[in-house]
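Chain and residue survey
The chain contents come next:
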Amino acid sequence: MLQFSEELTDALVARNVKAIVIACNTATSVALAQLRQRHPAIPFIGVVRPGAAAAVLATRTGRIGVIATEATVRSGAYFAAIKDQNPAVQVEARAASALVPLIEAGDLSSPQLVDAVRSTLITFKELPAAAKIDTLLLGCTHFPLIRNLIAAELGESVAVVDSAAAAAAMALASS
């Protein structure tokens, strides 16, 4: 992922771009720091910090869930970014990589996808009452495509936050 991100960034820099938005959570988690070092004159906006900020603003109880790819969860980027926003917030992150190939195949409502969403979210639903999340951060840019399915599975009491939308708003605000 790092090498691919570097190649893409180098190509954009060669075209004299003014800023770069890294619209992939995994690329942001794995490559953002190195890309900033590689091209210090270029402003970079990743999706992790804006998504974390939006989730912290959305939570009413201070308990946030995150679903993302295995690499993003393993990086700890969302945990760190949310804790930077508010150290008192509890964060529960779950890998949901199994959803990605279904979404990429255009499978946005099949029984297989519904089962995969249910399997991904069951651990949040089974948390003890004192640990139940009230906000779920979509930590993969694929997941907004199935936001309604995710929201329906979690119920109305859980706010669903899209990291990509938060990053887009930040990019527009800084332009």
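About the thresholds
Residues numbered from 1 in each chain as written. Predicted model: local features only at pLDDT ≥ 70, side-chain atom pairs only at ≥ 80, totals over all residues. Heavy atoms only, no water. Helix = DSSP H or I, 4+ residues; strand = E, 2+ residues; numbered from the N terminus. Contact = heavy atoms within 4.5 Å. Areas by Shrake-Rupley, 256 points an atom, 1.4 Å probe, with all protein chains shown as cover. Pairing = 2+ DSSP bridges. Axes fitted to C-alpha atoms, helices over the stretch in contact; angles between N-to-C directions. Salt bridge = Lys/Arg side-chain N within 4 Å of Asp/Glu carboxyl O. Buried < 20%, exposed > 50% of the residue type's maximum accessible area, 1.4 Å probe, protein only.

1. A word on the overall build of the protein
- Scanning the protein for helices and strands turns up nine helices and six strands.
- Counting only C-alpha atoms and orienting by the principal axes, one finds that the protein spans roughly 50 × 40 × 25 Å.
- Here the contacts in the protein between residues at least 6 apart in sequence split such that 73% fall between residues at least 24 apart.
- Carbon and sulfur atoms provide 58% of the accessible area of the protein, an area that totals close to 8,900 Å².

2. Some details on the sheet that holds strand 5 (residues 135-139)
- Within the open sheet, the four strands sit side by side as 4-3-5-6. Their pairing is parallel. Two strands close off the open sheet at either side, each with one partner strand: strand 4 (90-95) and strand 6 (159-162). Across the sheet, the axes of successive neighbouring strands diverge by a mean angle of 25 degrees, strand direction being ignored.
- Bridge analysis of strand 3 (residues 63-68) against strand 5 gives five bridges, and the strand direction is parallel. Looking at strand 5, one finds that Val 66 is bridged to Leu 137.
- Set on the sheet, helix 3 (residues 48-58) makes contact with strand 3, strand 5 and strand 6; between it and strand 5 the angle comes to about 170 degrees.
- Lying over the sheet, helix 9 (residues 163-173) contacts strand 5 and strand 6, oriented at roughly 50 degrees with respect to strand 6.

3. Describing the pattern of salt bridges
- Under the defined criterion, the tally for this structure stands at nine salt bridges.
- Close ionic contact of Arg 49 with Asp 84 constitutes a salt bridge, the shortest N to O distance being 2.8 Å. One end of the pair, Arg 49, is in helix 3; the other, Asp 84, is in helix 5 (residues 77-85), and 35 residues separate them in sequence.
- Judged by its relative accessible area of 46%, Arg 49 falls in the partly exposed class.
- Here Asp 84 falls in the exposed class, since its relative accessible area comes to 51%.
- Residue Glu 153 pairs with Arg 118 through a salt bridge whose shortest N-O separation is 3.4 Å. Residue Glu 153 is found in helix 8 (residues 147-154), and its partner Arg 118 is found in helix 7 (residues 111-125); the two are separated by 35 residues along the sequence.
- One continuous salt-bridge network, built from bridges that share partners, spans Asp 115, Arg 118, Lys 125 and Glu 153.

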